[in-house]
Amino acid sequence: MEPYMKNDMSPGHDTVAHLADIMGQVDEELDGAKTYIKAAMSHRPIDKALADSFANMSAQELQHADILSNAVTSMVAKLKTEGNACYETMSRVWEHTKGRQAGYAAWIRQMHADYKKLT
């Protein structure tokens, strides 16, 4: 665990780096969701209770990804209202990234639907 750095988000922090970090955290949550739903699928024939726990953990990771995605959308919108010079670029990056992440999330949600058919 990394130590908390009090000045990490000081008033002069790098907005672009901050947004990029959160976009990356969305990817990490989606990766976790995929890992857990795959574990649920593989454990289902052996231990249904454990498999259901993995499926629930995956669903929680999807919720985390949604929360972070909504936060990035709000942050990018705030750049626009503030007249921030990096708005146009970050908006384009976010639209691209959000589209890719939405496809990934849809694939994971389909795995959840497939898992529910097994139960």
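Residues numbered from 1 in each chain as written. Predicted model: local features only at pLDDT ≥ 70, side-chain atom pairs only at ≥ 80, totals over all residues. Heavy atoms only, no water.

Peer 1: Mind showing me how you'd approach the overall build of the protein here?
Peer 2: From N to C terminus, the protein includes three helices and zero strands. N-terminal to C-terminal, the α/β element order of the protein is α-α-α. Taking the intrachain contacts of the protein between residues at least 6 apart in sequence as the baseline, contacts between residues at least 24 apart amount to 75%. Surface exposure of the protein reaches about 7,800 Å², of which carbon and sulfur atoms provide 56%. (Helix = DSSP H or I, 4+ residues; strand = E, 2+ residues; numbered from the N terminus. Contact = heavy atoms within 4.5 Å. Areas by Shrake-Rupley, 256 points an atom, 1.4 Å probe, with all protein chains shown as cover.)

Peer 1: Can you walk me through the nonpolar core in this structure?
Peer 2: One finds L19, L30, I37, V72 and I108 to be the most contacted residues of the largest nonpolar core, which totals 27 residues. When residues of this core are traced back to their parent elements, those giving at least two are α1 (15-43), α2 (48-82) and α3 (87-118). Those residues within four positions of L30 in sequence are excluded, and the remaining contacts are L62, A65, Q101, Y104, A105 and I108. (Core = buried A, V, L, I, M, F, W, Y, C linked by side-chain atoms within 4.5 Å. Buried < 20%, exposed > 50% of the residue type's maximum accessible area, 1.4 Å probe, protein only.)

Peer 1: What am I meant to see in the packing of aromatic side chains here?
Peer 2: The description of an aromatic ring pair rests on the distance of the ring centres and on the angle between the ring planes. Summed over all chains, the structure comprises two aromatic pairs. Pairing Y36 with F54 gives two aromatic rings, centres 6.2 Å apart and planes at 25 degrees, and the pair type is stacked. Placement of the pair is Y36 in helix α1 and F54 in helix α2, with a sequence separation of 18 residues. Residue Y36 is classed as partly exposed on the basis of its relative accessible area, which comes to 27%. Judged by centre distance (6.4 Å) and plane angle (25 degrees), the rings of Y104 and W107 are stacked. Taken together, the residues span about one helical turn, with Y104 and W107 both in helix α3 at a distance of three residues. (Phe/Tyr/Trp six-rings, centres within 6.5 Å; stacked < 30°, edge-to-face > 60°.)

Peer 1: Explain the pattern of salt bridges here, please?
Peer 2: A side chain with one charge may pair with a side chain of the opposite charge, provided their charged atoms come close. Scanning the model with the defined rule gives six salt bridges in all. In this structure, the salt-bridge partner of R109 is D66, at a minimum N-O distance of 2.9 Å. Note that R109 is positioned in helix α3 and D66 in helix α2, a separation of 43 residues in sequence. Residue classification places R109 among the partly exposed positions, given a relative accessible area of 37%. Between K117 and D114 there is a salt bridge, with its nearest N and O atoms 4.0 Å apart. In this pair, K117 and D114 are both assigned in helix α3, three residues apart and thus about one turn of the helix distant. On the basis of relative accessible area, D114 is assigned to the partly exposed category, the value being 30%. (Salt bridge = Lys/Arg side-chain N within 4 Å of Asp/Glu carboxyl O.)

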